[in-house]
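An overview of the molecular structure
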Amino acid sequence: TARLDLLLSLQQKHRCQNEEELIALRDRVRRELAAITHADEAIKAAETLKAEGINARVINMATIKPLDTEIVIKAAKETGAIVTAEEHLVSGGLGSAVLEALAENPVPVVRIGVEDTFGKSGPANTLLDEFGLRAENIVAKVKKAISLKK
């Protein structure tokens, strides 16, 4: 539902009756952010953000290669910032692929995942906590990305 809410709000710009409504919509769109992730926690984060007045689009990237560059570029243009969350090393992973796709039209990109360190094994819930892939951390990173927007 988070994705649908965001897409509907973006389509509303065609229904603005006057400049005041257009300015209000523009300001709302500037608060919107694309969260591109493999983690189910992003859905929870999007719901938390929505309650705070921030619309977050959650895009499930099925593959890194080939990367759906069309959706990445579209999301970046429409929202002005990207947060990636991945159950993988951030170096050479989804975040890196997104940065590469946006090299010619850069926007702030905040990456969440396993930092450049040796991997660990253990219960999934423990690892999600350790690598910052819980909704609470995703929310914090989204707010950071918003603060980086021009």
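Residues numbered from 1 in each chain as written. Predicted model: local features only at pLDDT ≥ 70, side-chain atom pairs only at ≥ 80, totals over all residues. Heavy atoms only, no water.

1. Section: the overall build of the protein chain
Per the secondary structure count, the protein chain includes seven helices and four strands. Starting at the N terminus and ending at the C terminus, the protein chain contains elements arranged as α-α-β-α-β-α-β-α-β-α-α. The buried share of the protein chain, reckoned over its 150 residues, is 40%. For the protein chain, the proportion of contacts with a sequence separation of at least 24, taken over those separated by at least 6, is 64%. About 8,800 Å² of surface is accessible on the protein chain, with carbon and sulfur atoms providing 52% of the total. (Helix = DSSP H or I, 4+ residues; strand = E, 2+ residues; numbered from the N terminus. Buried < 20%, exposed > 50% of the residue type's maximum accessible area, 1.4 Å probe, protein only. Contact = heavy atoms within 4.5 Å. Areas by Shrake-Rupley, 256 points an atom, 1.4 Å probe, with all protein chains shown as cover.)

2. Points about the packing of helix α3 (residues 41-51) against helix α7 (residues 135-148)
One way to put it is that α3 packs onto α7 with a least axis distance of 8 Å and a crossing angle of 60°. Considered as vectors, α3 and α7 are oriented oblique to each other. Pair α3 / α7 crosses with right-handed handedness. Along its contact with α3, which presents Glu41, Ala42, Lys44, Ala45, Thr48 and Leu49, the element α7 presents Ala135, Ile138, Val139, Val142 and Lys143. (Axes fitted to C-alpha atoms, helices over the stretch in contact; angles between N-to-C directions. Parallel < 35°, antiparallel > 145°, perpendicular 65-115°, else oblique. Left-handed = near helix turned anticlockwise from the far one by under 90°.)

3. Some thoughts on helix α5 (residues 94-101)
Taken residue by residue, α5 has Leu94, Gly95, Ala97 and Val98 as its buried positions. The buried residues of α5 all sit within an arc of 160° when viewed along its axis, so they share a single face. (Arc of directions from axis to C-beta.)

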